[in-house]
Amino acid sequence: MKKTILFLLGVMVMTSFTACSPEEDIKNPDFQPYKLFEDFTSNTTDGAVINLAGWTNFAEAGTVKWNQGIYYSDKYAEFTSFQSGQAVNIAWLVSPKINVESNSKLAFDVAQAYVSTAANSIELLVSTDFDGTNVTAANWTVLNFTKPPLNFDTNFDFFSAGLIDLSAYASKDVYLAFKVKGSGTNTTLDGTYEIDNVRIINKN
């Protein structure tokens with residue numbers, strides 16, 4: 001028990017209070033860590049190819065992969081086929097294996113820049129049979145998410161992709177993938193996509 005003396009209008013008043021602590025007044029809720037969280041802050045070189053433990057960065061067509069993006073203090077994953085010189089660029093960024101629970105939800109932030117057509121696309125996919133190596137040999141299912149507007153006024157602005165329900169994969173091990181298609185020779189297909197704060201939370 002802590003005591004203090006207050007002087008109010010020249011009158012000495014004795015009062016007391018109990019220090020806040022989990023044992024006495026407030027019990028904090030149990031912390032539940034993310035099943036997955038990646039904010040791409042471990043890489044320090046802008047433009048470097050992303051190489052994160054457990055993640056697969058794979059160029060299916062062309063040689064361009066997902067790169068580290070840094071703008072002031074912001075860090076994120078970025079893909080662009082601008083000036084690649086290659087007619088087709090397709091790249092995958094695949095997450096580590098995740099065991100999904102019945103109330104698991106995926107959330108992430110996504111941005112675009114100079115994307116003028118849906119053919120210059122970003123997709124979110126899920127697989128239950130990816131072996132950790134052979135991306136194109138696995139079976140992948142497209143998951144819907146809220147995409148950023150194709151509007152030059154919002155170039156490089158991050159938007160929430162919403163909460164993507166993963167309950168259909170409860171009790172299964174899955175991999176999630178971000179797949180981008182573009183072109184370095186077709187100027188209508190050489191836009192940029194960025195993702196950040198990829199996380200899986202348990203939320204009813």
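Just so you know, these numbers come straight off a predicted model, no measurement behind them.

Draft legend 1. Just the pairing of strand E15 (residues 192–202), in detail. Sheet analysis places strand E3 (residues 36–38) next to E15, joined by three bridges and oriented antiparallel. Its bridge partner lying in E15, Glu38 is registered against Val198. Pairing analysis gives four bridges linking strand E6 (residues 74–80) to E15, with the strands arranged antiparallel. From the neighbouring strand, Glu78 faces E15, where its bridge partner is Glu194. For strand E9 (residues 104–113) and E15, the ladder comprises nine bridges, and the chain directions are antiparallel. The residue bridging Gln112 from the neighbouring strand is Tyr193, located in E15.

Draft legend 2. Structural view of the packing of aromatic side chains. Scanning the model with the defined rule gives 12 aromatic pairs in all. When the centroid spacing of 5.3 Å and the interplanar angle of 20 degrees are considered together, the rings of Tyr34 and Phe37 count as stacked. Aromatic side chains Trp66 and Phe79 sit 6.1 Å apart centroid to centroid with 50 degrees between the ring planes, which places their arrangement in the tilted category. Within this pair, whereas Trp66 is found in the loop between strand E4 (56–61) and strand E5 (67–71), its partner Phe79 is found in strand E6, the two being separated by 13 residues in sequence. No difference in accessibility class separates Trp66 from Phe79, as the two residues are buried.

Draft legend 3. Local environment of the environment of Asp157. Within the secondary structure layout, Asp157 lies in the loop between strand E11 (141–143) and strand E12 (159–160). The exposure class assigned to Asp157 is partly exposed, which follows from its relative accessible area of 36%. Sequence-wise, Asp157 and Ala113 are 44 residues apart; in three dimensions their C-alpha atoms are separated by 8.2 Å.

Draft legend 4. Representation of the layout of surface pockets. Considering only enclosed or pocket space, the largest pocket measures out at about 240 Å³ in volume. Lining the largest pocket are 13 residues, with Tyr71, Tyr76, Phe156, Phe158 and Glu194 positioned closest to its centre. Counting only elements with at least two residues in the lining of the largest pocket, the list comes to E5, E6 and E15.

Draft legend 5. Layout of the side chain of Glu78. Of note, Glu78 is situated in strand E6. Look at Glu78: it is buried, it has no salt bridge, and the nearest opposite charge is Lys75 at 14 Å. Other than its neighbours up to four places away in sequence, Glu78 contacts Lys65, Trp66, Asn67, Gly69, Thr192, Tyr193 and Glu194.

The rules behind the values
- Residues numbered from 1 in each chain as written.
- Predicted model: local features only at pLDDT ≥ 70, side-chain atom pairs only at ≥ 80, totals over all residues.
- Heavy atoms only, no water.
- Pairing = 2+ DSSP bridges.
- Helix = DSSP H or I, 4+ residues; strand = E, 2+ residues; numbered from the N terminus.
- Phe/Tyr/Trp six-rings, centres within 6.5 Å; stacked < 30°, edge-to-face > 60°.
- Buried < 20%, exposed > 50% of the residue type's maximum accessible area, 1.4 Å probe, protein only.
- 1 Å grid on protein atoms, 1.4 Å probe; cavity = no way out; pocket = protein on both sides within 12 Å on 5 of 7 lines; lining within 4 Å.
- Points joined across faces, edges and corners; volume = space filled by probe spheres on them.
- Lys, Arg positive; Asp, Glu negative; His and termini not counted.
- Salt bridge = Lys/Arg side-chain N within 4 Å of Asp/Glu carboxyl O.
- Contact = heavy atoms within 4.5 Å.

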